[in-house]
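# Results of the structural survey
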Amino acid sequence: MAPFIAALAIFYVYHALGITVGYHRLLSHRSFKVPKLVEYFIVSGAYLSLEGAPIFWVTTHRLHHKYSDHKGDPHSPLDGFFHSFVKWMWNPIVKISDAESRQLAPDLYKDPLYRFLHCKHSNLDGLLCLACCIAYRAVIYFVFGPTILLANLIASFFAFLGPLLVNSVGHLRQFGYETYPCKDNSRNVWFVAMFSMGEGWHNNHHAFPFSARHGLTRTEFDPSWLAIKLLNTVGLAKDILLIGNGECARSRVSEAISRNDVSEVTIPEDSKLSTEATELTRK
Ligand SMILES: [Zn+2]
Ligand SMILES: [Zn+2]
């Protein structure tokens, strides 16, 4: 039983943080920097939990921030809860063209591995991801046996569930609370945060998309932020973007974290600053 529990925990951390820290906070928002090989390792956790190619994920997500809960949002609950939960993946309302994709993620197109995984904007990117996910699990089965494979499948399922809940429940006004008025329906929902490594503090995230930290108060537990802090402590993450008096104070905040002193990082109270922060990210 102990190897099963240990494998479950290790695989969940690998796959869930691959999505939240890798695809989301690192690739989509560039909230911090890590060496390229470390980036590939973190991102592999997302790819191997069937999240699709990095360019597909990042372009979809950047479009979501651009049009949140308005026409053009790929997965808003305003188009139906089931659509925002999973249906958008196989029956999209918004289709991203090749040209639009390049405009949305020029940074990712510079990377040969991400370009390869994107399969020239064809439908093959999803099939390639599926094939890699199956091959990865075949290796786990033949090396570690069926018990560890079962642990991986359960961990991957819950890692996969996280962003689905964020996209749907995280934009429903019936749940949670809104700390910062935004032009969308994003909410801070504790149980979504629990299932998504802290990404359920989604209203905070929409107010300050660049911030590596989503849980902004003592009660808003954010394991993904703790993971980024840990990467910083061991010297792997730098240039961490946080909220500091309404500005992106890259170096100052990074230094403060190095000293393990995040008290310098203040959270702006007024919505004016949140608008400024959003605009800053879109540039
Ligand atoms: Zn959102
Ligand atoms: Zn985001």
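Residues numbered from 1 in each chain as written. Chains lettered and ligands numbered in written order. Predicted model: local features only at pLDDT ≥ 70, side-chain atom pairs only at ≥ 80, totals over all residues. Heavy atoms only, no water.

## A look at the confidence of the model for the chain
- For the chain, per-residue confidence averages 89 on the pLDDT scale, and 86% of positions sit at 70 or higher.
- In the model, residues 245-283 has pLDDT below 50 throughout and makes 64 contacts with residues more than four positions away in sequence or in other chains. (pLDDT = per-residue confidence, 0-100. Contact = heavy atoms within 4.5 Å.)

## Examining the coordination of the zinc ion (ligand 2)
- Protein coordination at the zinc ion (ligand 2): the donors are H24 (NE2), H29 (NE2), H61 (NE2), H65 (NE2) and H205 (NE2), at 1.9 to 2.2 Å from the metal.
- Between the donor residues of the zinc ion (ligand 2), the gaps in sequence give the motif H-x4-H-x31-H-x3-H-x139-H.
- Residue class for H24 comes out buried when judged on its relative accessible area of 3%.
- A relative accessible area of 10% means that H29 is categorised as buried. (Donors = N, O, S within 2.8 Å, 3.2 Å for Na, K, Ca; no water. Buried < 20%, exposed > 50% of the residue type's maximum accessible area, 1.4 Å probe, protein only.)

## Brief notes about a nonpolar patch on the surface
- Nonpolar side chains collect at one region of the surface, where L150, I154, F157, F158, W190, M194 and F195 lie side by side and expose about 700 Å² of accessible area between them.
- Elements with a minimum of two residues in the nonpolar patch: α9 (146-168) and α10 (190-194).
- The greatest single-element share of the nonpolar patch, amounting to four residues, is contributed by α9.
- Within the secondary structure, W190 sits in helix α10.
- A relative accessible area of 56% places W190 in the exposed class. (Patch = residues over 30% accessible without salt bridge, like charges linked within 9 Å, V, L, I, M, F, W, Y side chains within 5 Å. Areas by Shrake-Rupley, 256 points an atom, 1.4 Å probe, with all protein chains shown as cover. Salt bridge = Lys/Arg side-chain N within 4 Å of Asp/Glu carboxyl O. Helix = DSSP H or I, 4+ residues; strand = E, 2+ residues; numbered from the N terminus.)

## Overview of the coordination of the zinc ion (ligand 1)
- Within the protein, the zinc ion (ligand 1) binds to H64 (NE2), H171 (NE2), H202 (NE2) and H206 (NE2); these donor distances fall in the range 2.0 to 2.1 Å.
- Seen from the zinc ion (ligand 1), its four donor atoms lie at angles of 96 to 150°, and the figure they make is irregular.
- Summarised as a motif, the one-chain spacing of the donors to the zinc ion (ligand 1) is H-x106-H-x30-H-x3-H. Here H206 and H202 lie together in helix α11 (residues 202-207), a separation of four residues that amounts to about one turn.
- Under the relative-accessibility criterion, H206 is labelled buried at 4%. (Tetrahedral: all angles 85-135°; square planar, octahedral: opposite > 155°, others 65-115°.)

## Considerations on unusual backbone geometry
- The backbone of R30 shows a phi angle near 50°, a positive value even though the residue is not glycine.
- Relative to the helices and strands, R30 resides in the loop between α1 (2-28) and α2 (36-47).
- Residue R30 is classed as partly exposed on the basis of its relative accessible area of 27%.
- Backbone geometry places D239, a non-glycine residue, at a positive phi of 50°.
- With respect to the secondary-structure elements, D239 resides in the loop between α12 (223-233) and β1 (243-244).

## Details of the packing of aromatic side chains
- Per the stated rule, a full pass over the model turns up twelve aromatic pairs.
- Judged by centre distance (6.3 Å) and plane angle (15°), the ring pair of F56 and W88 falls under stacked. Taken as a pair, F56 in helix α3 (residues 54-67) and W88 in helix α4 (residues 81-90) lie far apart in primary sequence, 32 residues in all.
- With 4.9 Å between their ring centres and 80° between their planes, Y180 and F208 make a pair best called edge-to-face. In this pair, Y180 is assigned in the loop between α9 and α10 and F208 in the loop between α11 and α12, connecting sequence segments 28 residues apart. As far as burial versus exposure is concerned, Y180 and F208 are alike and both buried. (Phe/Tyr/Trp six-rings, centres within 6.5 Å; stacked < 30°, edge-to-face > 60°.)

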